[in-house]
Structure formats: structure tokens, C-alpha cells
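Summary of the model geometry
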Amino acid sequence: MPAQQPSLDAIFSALADPTRRAILGMLLEDDMAVTDVAAPFQVSLAAISKHLAVLAAAGLIRQERRGRIIWCKLEPDGLRNASVWMQGFGQFEPVDLDDFERFLREALPLADGDEAKS
């Protein structure tokens, strides 16, 4: 019997937190020990461990013990269900971020840091 896939609710709930999104970004580079994951954050190791547990429960990362160290690894297929679900709407095409930035500059003159004149 295959392992049950995490629900979309668990995946999107995990992604809703900026700390967890930052952790996923860090794990894009390489596997990391839990202590290394925690280092850049101004929260306790216990708090980071809770974030990691949420990510693991959502199927976005995997944790494994190597000797005395617990390592975190990005789960490459973790976002597949969410991606397939979003593509089903047909309106989530890849975005050209350069075009989007140009659009914002043109549409929102304050985006360049100009102060509003009163």
C-alpha cells in the first residue's frame, strides 16, 4: 500500500508561513543540519523544529538522522500536488518577473521610491 500523500491543506498551510518558506529556500541549495537551518533565525531551536515538523508533515522536506545529527532535505516532489491543482485552473501561467517589475514601475510611480508630493 503506497504512503498517503499530504493534503493540499497541509501543503498550503505549511507554505503560508514566511519562516517555513525561507527554510525551503535554504534547502534548495543543499541538505542542512537542523542547527544550520536554525542559525539565521532569531527564534529558538525548538521553534525551528516545530516549523520543520510542519514542513515534513506536508511532504515538503524529509528529515533523517546521520550519526548524531538530524539532516533536512528538500522533498523534490513535495509541491507536485499543489502545482497540479493550481494548473487545473489554467490561469497560473509562469510569470516573467522582469515584465512584472516593469509593469509595477509604470503602474505605481511610488514603486521607484519617489515620495508623494502634496
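Worth saying up front: this structure is predicted, and the values here are computed from it rather than measured.

**Side note on the pairing of strand β3 (residues 69-74)**
Pairing of strand β1 (residues 32-33) with β3 involves two bridges; the strand directions are antiparallel. Note that in β3 the partner of M32 across the bridge is C72. Pairing between strand β2 (residues 61-66) and β3: six bridges, direction antiparallel. Of the residues in β3, the one forming a bridge with R65 is I70. Here β2 folds back onto β3 in antiparallel fashion, the turn holding two residues, of which G67 has a positive phi close to 70°.

**Section: the confidence of the model for the protein chain**
For the protein chain, per-residue confidence averages 83 on the pLDDT scale, and 78% of positions sit at 70 or higher. Element-level mean pLDDT values for the protein chain span from 71 in helix α6 (residues 97-107) up to 97 in helix α4 (residues 45-57). Between residues 111-118, whose pLDDT stays under 50, and residues either more than four places distant or in other chains, the model counts five contacts.

**Notes on the packing of helix α1 (residues 8-15) against helix α5 (residues 80-87)**
Interhelical geometry of α1 versus α5 gives an angle of 100° and a closest axis separation of 9 Å. Considering the angle they form, α1 stands roughly perpendicular to α5. Judged by residue contacts, L8, I11 and F12 of α1 engage N81, A82, W85 and M86 from α5. Of the residues contributing to the contact of α1 with α5, the split by class is six nonpolar, one polar and no charged.

**Examining helix α2 (residues 18-29)**
Taking 1.5 Å per residue as the helical rise, α2 with its 12 residues ought to reach 16 Å, and the 18 Å between its terminal C-alpha atoms agrees with that figure. Taken together, the buried positions of α2 are occupied by R20, I23, L24, M26 and L27. End-on, the buried residues of α2 take up no more than an arc of 160°, which puts them together on one face. Of the residues in α2, the exposed ones pointing more than 90 degrees away from the buried face are P18, L28 and E29. On its buried side, α2 packs onto α1, β1, α3 (34-38), α4, β2 and β3. The N-terminus of α2 is capped by D17, whose side-chain oxygen sits 2.8 Å from the backbone nitrogen of T19.

**Focus: the packing of α2 against α4**
Where α2 contacts α4, the two axes come as close as 10 Å, and the packing angle between them is 75°. With respect to α4, the element α2 is oriented roughly perpendicular. Contacts between α2 and α4 involve T19, R20, I23 and L24 from the former and I48, H51, L52, V54 and L55 from the latter.

**Description of the sheet that holds β2**
Within the open sheet, the three strands sit side by side as β1-β3-β2. Their pairing is antiparallel. Taken across any chain shown, the strands that pair with only one partner, and hence form the sheet edges, are β1 and β2. Against the sheet, α2 contacts β1, β2 and β3, and its axis sits at roughly 90° relative to β3.

How each quantity is defined
- All chains use their own residue numbering, which begins from 1 and follows the written sequence.
- Confidence filtering applies because this is a predicted model: local features only for residues at pLDDT of at least 70, side-chain atom pairs given and counted only at 80 or more, and all residues used for totals across whole chains, interfaces and linings.
- Each side-chain value is worked out from all heavy atoms of the structure, with water and hydrogens disregarded.
- At least two bridges found by DSSP between two strands is the condition for calling them paired.
- Here a strand is any run of E in DSSP of at least two residues, a helix any run of H or I of at least four, and the numbering for each starts at the N terminus.
- pLDDT expresses, on a scale from 0 to 100, how confident the predictor is about each individual residue.
- Note on contacts: a residue pair qualifies if any of its non-hydrogen atoms lie within 4.5 Å across the two residues.
- Simply put, an axis is a line fit to the C-alpha atoms, just over the touching stretch for a helix, and the angle between two N-to-C directions goes from 0 to 180 degrees.
- To sort the angles, those under 35 degrees are grouped as roughly parallel, those over 145 as roughly antiparallel, those from 65 to 115 as roughly perpendicular, and the leftovers as oblique.
- Any residue outside Ala, Val, Leu, Ile, Met, Phe, Trp, Tyr, Cys, Pro, Asp, Glu, Lys and Arg is labelled polar, Gly included; the first ten of those are nonpolar and the last four are charged.
- Expected helix span is taken as 1.5 Å per residue step, with the number of steps being one fewer than the number of residues.
- Each residue's exposure class comes from its accessible area (1.4 Å probe, protein chains only) as a fraction of the maximum for that residue type: buried when under 20%, exposed when over 50%, partly exposed otherwise.
- Note that the arc is defined by the directions from the helix axis to the C-beta atoms.
- Two N or O atoms form a polar contact when they lie within 3.5 Å of each other; inside protein one atom must be a possible hydrogen donor and the other a possible acceptor, and for residues adjacent in sequence the pair counts only when both atoms belong to side chains.

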